[in-house]
Amino acid sequence: MTFGSTGYDIAHLLGGGILLLSFVLLYQRRLDAVINAFAVQGGLLAAAAAWQAHLQSEPGLYVTALLAFGAKALLIPLALRLLLRRLGLHRTVETALGIGPSLLAAAALVGLAVMVVLPVTAGQAQALTRENLALALSVVLLGMLMMIARRNAISQVIGLLSLENGLVLAAIGVQGMPLVVELSTAALVLMLALVAGIVVFLLRDRMATLDTGLLDRQRGEGPP
């Protein structure tokens, strides 16, 4: 299928917006701001899925868009806000890396994603698909970086969910990808997020903190 110039530009704008929100997630230090940024990223992911459904004439992607909007833009952020209220957490979170080093590492990872994806897919896929995959891989890598660079368990859960946003972005950008593959990928990562949420509660109940750095000290790996 040949994409028009407008369709190409809008798809890039939405994908770039999702990637930009990954940088915002790394930049923010207050938990409520992190949740708000994740909700906006979920809304952009839903818009990207709906736009790809239009471009590819694939009605199944509208289902993906609806689920992404309901889960990522509404339900999960609402659940996280209720969790913050219940645990009384409205402070900044500690980072394993500073904000500056985190953003520099993020920029390097985006460059790595572009260097890996574009040459490998040259001549094998349409330009929009190739660049969408580069954006998606960048979002995945930045989600992994957030899980590493944050010590707060809730921030790490959001990093995992942002990583999953990248996987969904990659799936919707490949024409002909079966809906069951997209939904099963999303369900798998959401289950992992559910398990991570249970760990959050256990960590809070047993240790009265959500700083995962305490686990290193419990294993004798960190400073006393």
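Note that the structure is predicted; figures quoted are calculated from it, not measured.

A. How the structure looks around the overall build of the protein chain. From N to C terminus, the protein chain includes eight helices and zero strands. Secondary structure elements of the protein chain occur, N-terminal to C-terminal, as α-α-α-α-α-α-α-α. Residues counted as buried form 44% of the 224 residues belonging to the protein chain. Long-range pairs, those at least 24 residues apart, make up 76% of the contacts in the protein chain between residues at least 6 apart in sequence. Looking at the protein chain as shown, the accessible area adds up to about 10800 Å², and 69% of this sits on carbon and sulfur atoms.

B. Highlighting the pattern of salt bridges. In total, this model carries two salt bridges according to the counting rule given. For Glu164, the salt bridge goes to Lys72, with nearest N and O atoms at 2.1 Å. With Glu164 in helix H6 (residues 153-173) and Lys72 in helix H3 (residues 60-87), this pair connects stretches of sequence that are 92 residues apart. We note that Glu164, like Lys72, is buried.

C. Representation of helix H2 (residues 31-56) within the structure. Along its 26 residues, H2 runs 37 Å from first to last C-alpha, staying within 8% of the 38 Å computed at 1.5 Å per residue. Phi turns positive, to about 55 degrees, at Ser57, one or two residues after H2.

D. Representation of the UniProt feature "transmembrane region" (unreviewed entry) in the protein chain in the model. Using the residue numbers shown here, the UniProt feature "transmembrane region" (unreviewed entry) corresponds to residues 6-27, 34-54, 60-84, 96-121, 133-150, 157-177 and 183-203. Across residues 60-84, the secondary structure splits into 100% helix and 0% strand, with the terminal C-alpha atoms separated by 35 Å. Measuring from the first to the last C-alpha atom of residues 133-150 gives 26 Å, for a span that is 94% helix and 0% strand.

E. Highlighting H6. Taking 1.5 Å per residue as the helical rise, H6 with its 21 residues ought to reach 30 Å, and the 31 Å between its terminal C-alpha atoms agrees with that figure. For H6, a buried count of 18 out of 21 residues is recorded, marking the element as mostly surrounded by other parts of the structure.

F. The arrangement of the environment of Leu169 in detail. If you trace the backbone, Leu169 turns up in helix H6. The class of Leu169 is buried, set by a relative accessible area of 1%. C-alpha separation for the pair Leu169 and Ala48, spaced 121 residues apart in sequence, amounts to 7.7 Å. Setting aside its immediate chain neighbours within four residues, Leu169 contacts Ile18, Leu45, Ala48, Asn132, Leu135 and Ala136.

Conventions we followed
- For every chain, the first residue of its written sequence is number 1, and the numbers climb from 1 along that sequence.
- Only residues with pLDDT of at least 70 get local features here, since the model is predicted, and only at 80 or more are side-chain atom pairs given and counted; chain-wide, interface and lining totals rely on the full set of residues.
- Hydrogens and waters are ignored; side-chain quantities use all the structure's heavy atoms.
- Every helix listed is a DSSP run of H or I at least four residues long, and every strand listed is a run of E at least two residues long, numbered separately from the N terminus.
- Think of it in three bands: residues with accessible area under 20% of the maximum for their type are buried, residues over 50% are exposed, and the middle band is partly exposed, with areas taken using a 1.4 Å probe on protein chains only.
- By the convention used here, residues are in contact when the closest approach between their heavy atoms is within 4.5 Å.
- Areas reported here follow the Shrake-Rupley algorithm with a probe of radius 1.4 Å; residue values treat only the protein chains shown as occluding.
- By convention in these notes, a salt bridge is any Lys or Arg side-chain nitrogen within 4 Å of a carboxyl oxygen on Asp or Glu.
- Given a helix with a known number of residues, its expected span is that number minus one, times 1.5 Å.
- UniProt positions are given in the numbering used here, feature names are shortened, and annotations may be inferred rather than shown by experiment.

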